[in-house]
Amino acid sequence: MILRFILIYACLSVPFSLLSWGQPDTKVQVPGASPGLLLHPLKHLAFGVAAALPTRRLSPIVASGMAVLVIDVDHLGSALNLPTTSHASHSLGFAAMLGVVMWGLARRGFLGGASPILVSAVAVASVSAHMAVDALSQDSRLPLWAPVTFTAVEIPPLSSIPFELGAVLLVWAVSIRYGRRPAQPPPGTTKPGPGPGCLRQ
C-alpha cells in the first residue's frame, strides 16, 4: 500500500506542476551543506507522521511521512529551467485533486484494500502538513489557490498551526467515523469480515 501510495502521489504532483507552464518563479537553488539541510526534511517527516497518527496504523503513518517529502517533486520543472512554478503542488487545489484521485483508486483496489475515505484523508492531510512546515520558513510564499491562479501568496508563520491542526483533525475525524467500525456480517454468516475502514499493513 505504501509504495503504491507514494508512486501515485509523485505521478500526480509532477503533471500538476506542469499546469503552471508559462508562469515561472524564482529558480530553485540547491542549498549548500549545513545543519539545517538535514533538519528541514526531518521537520517535514515529523509533521507528516503526526498528521496520520490518529489512524494508529503503521501503513498510513509511514505513507503520510513519506508523502510530505515526495510532494517536493514539483520543484523538478523549475530545477530543470522549465517555465513552471516550483511549488505548484503546494496548494489547496492539488490537495483536493489528490484526495479525489486517491479515493477513486482505493475504491478500485489499487491500494491493497485500504479504506478509500481514510486513504483520501491521509493524502489531503499530508499536503496540509507540508505547507505547515513551509509556513515556518522566513518569507514563505505558496501558490495556495492553484490551479485557479499560480500567483504565490504570503503564508505567515502562524498559519502553520491551522495547517497542521487541520490535517490531524481531518485524519482523526475520518478514523473515528470509518476506521474503527467493524462491518456487519452478511445474513447467514458467523464470522464478520474486516470493516470498510480497515487499513491493511
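Worth saying up front: this structure is predicted, and the values here are computed from it rather than measured. (Residues numbered from 1 in each chain as written. Predicted model: local features only at pLDDT ≥ 70, side-chain atom pairs only at ≥ 80, totals over all residues. Heavy atoms only, no water.)

### Regarding the overall build of the chain
Inference 1: Counting its secondary structure elements, the chain contains seven helices and two strands.
Inference 2: Sequence separation of 24 or more characterises 72% of the internal contacts of the chain that already satisfy a separation of 6 or more.
Inference 3: Of the accessible surface of the chain, which amounts to about 10,500 Å², a share of 70% is contributed by carbon and sulfur atoms. (Helix = DSSP H or I, 4+ residues; strand = E, 2+ residues; numbered from the N terminus. Contact = heavy atoms within 4.5 Å. Areas by Shrake-Rupley, 256 points an atom, 1.4 Å probe, with all protein chains shown as cover.)

### Topic: unusual backbone geometry
As a rule of thumb, non-glycine residues mostly have phi less than zero, and peptide bonds are mostly trans rather than cis.
Inference 1: Geometrically, the link from Ala146 to Pro147 is a cis peptide bond, its omega value of 5° lying close to zero.
Inference 2: Structurally, Pro147 can be placed in the loop between strand 1 (141-142) and strand 2 (153-154).
Inference 3: For Arg56, which is not glycine, the phi dihedral falls at a positive 55°.
Inference 4: As for its position among the elements, Arg56 is in the loop between helix 2 (35-52) and helix 3 (58-70).
Inference 5: By relative accessible area, Arg56 is classed as exposed at 65%.
Inference 6: In this structure, Asn81 is a non-glycine residue whose phi angle is positive, near 70°.
Inference 7: Relative to the assigned elements, Asn81 resides in the loop between helix 4 (76-79) and helix 5 (92-107). (Buried < 20%, exposed > 50% of the residue type's maximum accessible area, 1.4 Å probe, protein only.)

### Some points on the nonpolar core
Inference 1: Judged by nonpolar contacts, the single largest core of 37 residues is most densely connected at Phe5, Tyr9, Phe94, Leu98, Met102, Leu111 and Val127.
Inference 2: Secondary-structure elements contributing two or more residues to this core are helix 1 (2-18), helix 3, helix 5, helix 6 (116-135) and helix 7 (160-179).
Inference 3: No other element matches the nine residues that helix 6 contributes to this core.
Inference 4: Residue contacts for Met102: discarding those within four places in its chain leaves Phe5, Ile8, Tyr9, Leu111, Val119, Ser120 and Ala123. (Core = buried A, V, L, I, M, F, W, Y, C linked by side-chain atoms within 4.5 Å.)

### Examining the environment of Ala129
Inference 1: Among the structural elements, Ala129 can be located in helix 6.
Inference 2: On the basis of relative accessibility, which here comes to 0%, the residue Ala129 falls in the buried class.
Inference 3: For Ala129 and Pro162, which are 33 residues apart along the polypeptide, the C-alpha to C-alpha distance reads 9.7 Å.

### Remarks on helix 3
Inference 1: The end-to-end C-alpha distance of helix 3 is 18 Å, a good match for the 18 Å that 13 residues give at a rise of 1.5 Å each.
Inference 2: By the burial criterion, the buried members of helix 3 are Ser59, Pro60, Ile61, Ala63, Ser64, Gly65, Ala67, Val68 and Val70. (Expected span 1.5 Å × (residues − 1).)

### Observations regarding the packing of aromatic side chains
Inference 1: In the structure shown here, the tally under the stated rule is four aromatic pairs.
Inference 2: With 6.1 Å between their ring centres and 75° between their planes, Tyr9 and Phe94 make a pair best called edge-to-face. In this pair, Tyr9 is assigned in helix 1 and Phe94 in helix 5, connecting sequence segments 85 residues apart. Across the pair, Phe94 and Tyr9 agree in class, each one buried. (Phe/Tyr/Trp six-rings, centres within 6.5 Å; stacked < 30°, edge-to-face > 60°.)

### A few points about helix 5
Inference 1: With 16 residues, helix 5 should cover 22 Å at 1.5 Å per step; its first-to-last C-alpha distance of 23 Å lies within 8% of that length.
Inference 2: Of all the positions in helix 5, only Phe94, Ala95, Leu98, Gly99, Met102, Gly104 and Ala106 are classed as buried.
Inference 3: Where helix 5 is buried, its residues meet helix 1 and helix 6.
Inference 4: Directly beyond the C-terminal end of helix 5, a positive phi value near 85° is found at Gly109.

### Details of the side chain of Asp74
Inference 1: Locating Asp74 in the fold gives a position in the loop between helix 3 and helix 4.
Inference 2: Not counting residues up to four positions away in its chain, the partners in contact with Asp74 are Ser13, Ser17, Thr85, Ser86, His87, Ala88, Ser89 and His90.

### Focus on the environment of Gly104
Inference 1: On the secondary structure map, Gly104 appears in helix 5.
Inference 2: Assessed through its relative accessible area of 12%, Gly104 is described here as buried.
Inference 3: Residues Gly104 and Pro116, 12 residues apart in the sequence, show an inter-C-alpha distance of 7.1 Å.

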